[in-house]
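Fold and contact review
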Amino acid sequence: MIGVVGAGRMGRPMLRRLAEAGHDVRVLGRSTETRRALDRESARVVADTAEVAEGADAVLVCVYDDDQVREVCLESGLLDAMPAGAVLVVHTTGHPDTVEAVAARGIDVVDAPVSGGPHDIAAGRVTLFVGGADDTVARVRPILRSYADPVLHVGPLGTGQRVKLVNNTLFAAQIGLLSHAARLGRQLGIDETVLLDALTHGSAASRALAGVVRRGSVAEFARSTAGFLGKDLDVVRAVADQLGADLGALAAVLDAAAPGQQH
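Computed from a prediction, not measured in an experiment: that's the story for all the values here.

**So, the state of the cysteines**
Applying the stated rule across the entire model yields zero disulfides. Here Cys 62 is not disulfide-linked; the sulfur of Cys 73 is the nearest cysteine sulfur, at 12 Å. Using a relative accessible area of 14% as the deciding quantity, one classes Cys 62 as buried. Residue Cys 73 is classed as buried on the basis of its relative accessible area of 0%.

**Quick word on the packing of helix H6 (residues 96–103) against helix H9 (residues 159–187)**
With their axes 8 Å apart at the nearest point, H6 and H9 run at an angle of 165 degrees to one another. Put simply, H6 runs roughly antiparallel to H9. Here the hand of the crossing between H6 and H9 comes out right-handed. In contact with Pro 96, Val 99 and Glu 100 of H6, H9 contributes Gln 161, Arg 162 and Leu 165. Residue classes in the contact of H6 with H9 are distributed as three nonpolar, one polar and two charged.

**As for unusual backbone geometry**
The amide bond that connects Asp 149 to the next residue, Pro 150, takes the cis arrangement and shows omega of 15 degrees. Assignment of secondary structure puts Pro 150 in strand E9 (residues 148–155).

**Quick notes on the nonpolar core**
The tendency in soluble globular proteins is for nonpolar side chains to be buried side by side. Counting 30 residues, the largest nonpolar core has Leu 15, Leu 18, Val 89, Leu 128, Val 130, Leu 144 and Tyr 147 as its most contacted members. Of all the secondary structure elements, the ones that give two or more residues to this core are strand E1 (2–5), helix H1 (11–20), strand E2 (25–28), strand E4 (58–61), strand E5 (87–90), strand E8 (126–131), helix H8 (134–144) and E9. The element contributing the most residues to this core is H8, with four residues. Those residues in contact with Val 89 that lie beyond four places of it in its chain are Val 59, Leu 60, Val 61, Val 110, Ala 112, Val 140 and Leu 144. Core analysis: the second largest hydrophobic core is formed by 25 residues, Val 61, Val 72, Ala 81 and Val 99 among them.

**Some words on the pattern of salt bridges**
All told, the structure shown has 10 salt bridges when counted by the stated rule. With its nearest N and O atoms 3.7 Å apart, the salt bridge here joins Arg 12 to Glu 41. Linking Arg 12 in helix H1 with Glu 41 in the loop between helix H2 (32–38) and strand E3 (44–46), this pair joins segments that are 29 residues apart in sequence. In this structure Glu 41 comes out as buried when scored by relative accessible area, which is 11%. Here Arg 162 ties to Glu 100 by a salt bridge, and the two come within 3.9 Å at their closest N and O atoms. Here the residue Arg 162 occupies a position in helix H9, and Glu 100 occupies one in helix H6, the gap between them amounting to 62 residues. On the basis of relative accessibility, which here comes to 32%, the residue Glu 100 falls in the partly exposed class. Residues joined by salt bridges that share partners form a network here, namely Arg 12, Arg 16 and Glu 41.

Rules behind the numbers
Residues numbered from 1 in each chain as written. Predicted model: local features only at pLDDT ≥ 70, side-chain atom pairs only at ≥ 80, totals over all residues. Heavy atoms only, no water. Disulfide = S-S within 2.5 Å. Buried < 20%, exposed > 50% of the residue type's maximum accessible area, 1.4 Å probe, protein only. Axes fitted to C-alpha atoms, helices over the stretch in contact; angles between N-to-C directions. Helix = DSSP H or I, 4+ residues; strand = E, 2+ residues; numbered from the N terminus. Parallel < 35°, antiparallel > 145°, perpendicular 65-115°, else oblique. Left-handed = near helix turned anticlockwise from the far one by under 90°. Contact = heavy atoms within 4.5 Å. Nonpolar A, V, L, I, M, F, W, Y, C, P; charged D, E, K, R; others polar. Core = buried A, V, L, I, M, F, W, Y, C linked by side-chain atoms within 4.5 Å. Salt bridge = Lys/Arg side-chain N within 4 Å of Asp/Glu carboxyl O.

Structure follows, in structure tokens:
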């Protein structure tokens, strides 16, 4: 049995992929409205956090941010209800210290932050950067493969978060560079939409550029990604400060990627 905490825009397609792969799935629905919406899914809906974990082989946590991970994992009855040998999988991008604090409670944990969107999960091709002990990762890999490909085991616990934070830092920096590129284009008399579309066919092409083109402008794409990138960049800066790491040239272009984020 697989327990799921966090059935939002990312967790909902996970539920469907897990059910399609033949897994017995139990999902947390705290509010009446959430439970009513989840009734249409092929999963048993429960109202209590501890009930999600009872008898589970693995519990997947896919909430919005680090604070919610700490609330679910450290301030509820979730861990106490997990049976011996069960694995907690944290899909939320956050501080590596958080998953290490959870593991300190005597639970087998892997961090597996997601790179991609709900459409990638629905297609079974979302990327997971996985950190954890070899045997623990091996136990949950068949579950993760229900909705993810590739499943990249990048190192011990916490390494998945570190890789994802670098990934998002670079992604944000690319958006920032595109903002500067669009400004240069305007100065050269080039329409932004024409420029961006043309660049997708050249060596400047990237996933960030493709997202910008879909949104129609760098500014609109930056606004649409500011929510998750802003919180992740806060974590990046905190981890870099904590470890004495240097963001180098990346720091100069990050703020252009997340309008309204002040650092």
